[in-house]
Amino acid sequence: MLNREKQSITLNVNGENHHLEILPWVSLLDALRERIHLTGTKKGCDHGQCGACTVLIDGKRVLSCLSLAVMKEGAEIKTIEGIAENGKLHPIQQAFIDHDAFQCGYCTPGQICSAVGLLNENKAETREEVQDLMSGNLCRCGANRGIINAVMSVKQAMSHE
């Protein structure tokens, strides 16, 4: 039998606590968009195949459409709205602008969150590794070259610091 009772949870999103009463099967994506009204995180396929819903959970890339909101209580959730700090763009955001790494923009929030997570993981060294590790985020407009260029430029700048 399904549990049809709402559960009280607190989600820490972009450094702010949000108290919600939600059903246990509500995805993190739907909680972010419909309950907290942070619509930067996009709903693409709703099956974990496109990456448009990528957010950061404790600094790691997560597909929010495949994550239950009730399971993220106590985690630090960062959406595209929380990437810039104190009015200053994150280096990845600036690099996306500098390298024209978007066209229609629909996938851009997930791409940026994924790129920030990729930098946090510090696993990719080469262009091919970045391309492979970003392959879960689809750009149907074909901005992949600019996206990889943007990530590589930030990686190179970080290595010179």
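Above this text sits the structure in question.
Because the structure is predicted, anything quoted here is derived from the model rather than measured.

K.L.:
What exactly am I supposed to notice about the overall build of the protein chain here?
P.N.:
The secondary structure content of the protein chain amounts to five helices and five strands. Walking the protein chain from its N terminus toward its C terminus, one meets helices and strands in the order β-β-α-β-β-β-α-α-α-α. Expected size for 161 residues packed as a compact globule is a radius of gyration near 15 Å; at 16 Å, the protein chain falls within 12% of this value. The principal-axis extents of the C-alpha atoms in the protein chain amount to approximately 50 × 30 × 25 Å. Among the 161 residues that make up the protein chain, the fraction classed as buried is 43%. In the protein chain, the share of contacts with a sequence separation of at least 24, taken over all contacts with a separation of at least 6, comes to 55%. Surface exposure of the protein chain reaches about 8900 Å², of which carbon and sulfur atoms provide 48%.

K.L.:
Explanation requested: the nonpolar core in the structure shown.
P.N.:
Soluble globular proteins tend to pack their nonpolar side chains together in the buried interior. Residues Ile-83, Ile-92, Phe-96, Ile-112, Val-130, Met-134 and Ile-147 are the most contacted members of the largest nonpolar core, which totals 25 residues. Elements with a minimum of two residues in this core: helix H2 (91–98), helix H3 (108–121) and helix H5 (144–159). The next biggest cluster of nonpolar side chains, apart from the first, holds 17 residues, and it includes Ile-22, Ile-36, Val-55 and Val-62.

K.L.:
Just to check I follow, could you spell out a negative patch on the surface for this structure?
P.N.:
Negative charge collects at one region of the surface, where Glu-125, Glu-128, Glu-129 and Asp-132 lie side by side. Take Glu-129: it is sitting in helix H4 (residues 127–133). Relative accessible area serves as the criterion here: at 33%, Glu-129 is assigned to the partly exposed category.

The rules behind the values
Residues numbered from 1 in each chain as written. Predicted model: local features only at pLDDT ≥ 70, side-chain atom pairs only at ≥ 80, totals over all residues. Heavy atoms only, no water. Helix = DSSP H or I, 4+ residues; strand = E, 2+ residues; numbered from the N terminus. Rg over C-alpha atoms; globule rule 2.2 N^0.38 Å. Buried < 20%, exposed > 50% of the residue type's maximum accessible area, 1.4 Å probe, protein only. Contact = heavy atoms within 4.5 Å. Areas by Shrake-Rupley, 256 points an atom, 1.4 Å probe, with all protein chains shown as cover. Core = buried A, V, L, I, M, F, W, Y, C linked by side-chain atoms within 4.5 Å. Patch = residues over 30% accessible without salt bridge, like charges linked within 9 Å, V, L, I, M, F, W, Y side chains within 5 Å. Salt bridge = Lys/Arg side-chain N within 4 Å of Asp/Glu carboxyl O. Lys, Arg positive; Asp, Glu negative; His and termini not counted. Charge placed at Lys NZ, Arg CZ, Asp CG, Glu CD.

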